[in-house]
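# What the coordinates show
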Amino acid sequence: MDGVDAWLQAIAASPWALPGMAALVFADAFLVVIPGEAAVTAFGTLAVSHATFPLASVILVAAAAAFAGDACCYLVGRTVGVERWAWMRGPRVGAALEWARARLERNAAVVLFTARFVPFARLAVNLAAGAARVNPGRYLGVAAVAALAWAAYQAVIGAIVAAVVPGGPVVAVVVSIVVAVGIGVAIDLVLARRAKRREAARR
């Protein structure tokens, strides 16, 4: 445990700590297997447990990286479309893109904001928004607010856990990631159930 704690201290003290977190968050916009959420939550924990960098810097850096990643996805959808590459034509991606298109037509702002908190939906919605040529000014405004809210949510979870859970930084990091993932799964399930109810009500 002491060795892991020392490793976490070394990470927190590194000048590459926040840039590394930003790289993970940016990549997470394109690849759902990249642990962007977990990285922000862990750094929120380290900001409180080690005080090497302020919590506000974690939030701002994560928000900027999330916004940049989402904007790049939008740009890909706008310039390349959503059928250029084979992975875009897969059944799961295709279904997600159709879901995103349908909802963007009805309430783009709410869908764009909500999707930032749901990893796979995030990619589909941003690509679909670009392909549907959602007004860039409107898109960027909503994406910026959503990125900031998402970064604050992820980092604050880590900060709260670090402040209330005993056992040191290692335990706090593990618990905070588990809590963040659990909340994310719960949000995903709630949104999926609401979508099914709306679809059933229309039939």
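Above this text you will find the structure in question.
How each quantity is defined
Residues numbered from 1 in each chain as written. Predicted model: local features only at pLDDT ≥ 70, side-chain atom pairs only at ≥ 80, totals over all residues. Heavy atoms only, no water. Axes fitted to C-alpha atoms, helices over the stretch in contact; angles between N-to-C directions. Helix = DSSP H or I, 4+ residues; strand = E, 2+ residues; numbered from the N terminus. Parallel < 35°, antiparallel > 145°, perpendicular 65-115°, else oblique. Left-handed = near helix turned anticlockwise from the far one by under 90°. Contact = heavy atoms within 4.5 Å. Nonpolar A, V, L, I, M, F, W, Y, C, P; charged D, E, K, R; others polar. Phe/Tyr/Trp six-rings, centres within 6.5 Å; stacked < 30°, edge-to-face > 60°. Lys NZ or Arg CZ within 6 Å of the ring centre and 35° of its normal. Salt bridge = Lys/Arg side-chain N within 4 Å of Asp/Glu carboxyl O. Buried < 20%, exposed > 50% of the residue type's maximum accessible area, 1.4 Å probe, protein only. Core = buried A, V, L, I, M, F, W, Y, C linked by side-chain atoms within 4.5 Å.

## Let's talk about the packing of helix α3 (residues 36-49) against helix α4 (residues 55-79)
Two numbers describe how α3 lies on α4: the axes approach to 8 Å, and their chain directions differ by 160°. Judged by the inter-axis angle, α3 sits roughly antiparallel to α4. Here the hand of the crossing between α3 and α4 comes out right-handed. Facing α3, whose interface residues are Val40, Phe43, Gly44 and Ala47, α4 presents Leu55, Val58 and Ala62. In terms of residue class, the contact of α3 with α4 is made up of six nonpolar, one polar and no charged.

## Focus on the packing of aromatic side chains
The full count for this structure, using the stated rule, is five aromatic pairs. Relative to Phe30, the ring of Phe26 lies with its centre 5.6 Å away and its plane at 55°, an arrangement referred to as tilted. Residue placement shows Arg116 over the ring face of Trp150; its charged tip is 4.6 Å from the ring centre.

## As for the pattern of salt bridges
Going through the model one piece at a time under the given rule, you end up with three salt bridges. Residue Asp28 is joined to Arg122 by a salt bridge in which the shortest nitrogen-to-oxygen separation is 2.7 Å. In this pair, Asp28 sits in helix α2 (residues 17-28) while Arg122 sits in helix α6 (residues 119-131), placing the two residues 94 residues apart along the sequence. The exposure classification of Asp28 matches that of Arg122, with both residues buried. Of the charged contacts in the structure, one is a salt bridge between Arg122 and Glu37, with a shortest N-O distance of 2.4 Å. Placement of the pair is Arg122 in helix α6 and Glu37 in helix α3, with a sequence separation of 85 residues. Through salt bridges with shared partners, one network takes in Asp28, Glu37 and Arg122.

## A look at the side chain of Arg116
Within the secondary structure, Arg116 is located in the loop between α5 (91-115) and α6. Relative accessible area serves as the criterion here: at 2%, Arg116 is assigned to the buried category.

## Re the packing of α4 against α6
Packed helices, taken two at a time, are described by the angle between their axes plus the distance between the axes. Interaxial distance between α4 and α6 falls to 6 Å at its minimum, and their mutual angle equals 45°. Accordingly, the angle class assigned to the pair α4 and α6 is oblique. Note on packing geometry: the crossing formed by α4 with α6 is right-handed. Residues Asp70, Cys73, Tyr74, Val76, Gly77 and Arg78 of α4 form the contact with α6, whose participating residues are Arg122, Leu123, Asn126, Leu127, Ala129, Gly130 and Ala131. Its residues placed into classes, the contact of α4 with α6 shows seven nonpolar, three polar and three charged.

## Some details on the nonpolar core
With 22 residues, the main nonpolar core has Met21, Val25, Val40, Phe43, Phe53, Val58 and Trp150 as its most contacted residues. In terms of residues, this core owes the most to one element, α4, which gives six residues. Sequence-distant contacts of Val25, that is, excluding residues within four places in its chain, are made with Gly36, Val40, Ala62, Ala65, Ala66 and Trp150. Counting residues in hydrophobic clusters, the runner-up holds 13 residues, among them Tyr74, Leu104, Ala108 and Val125.

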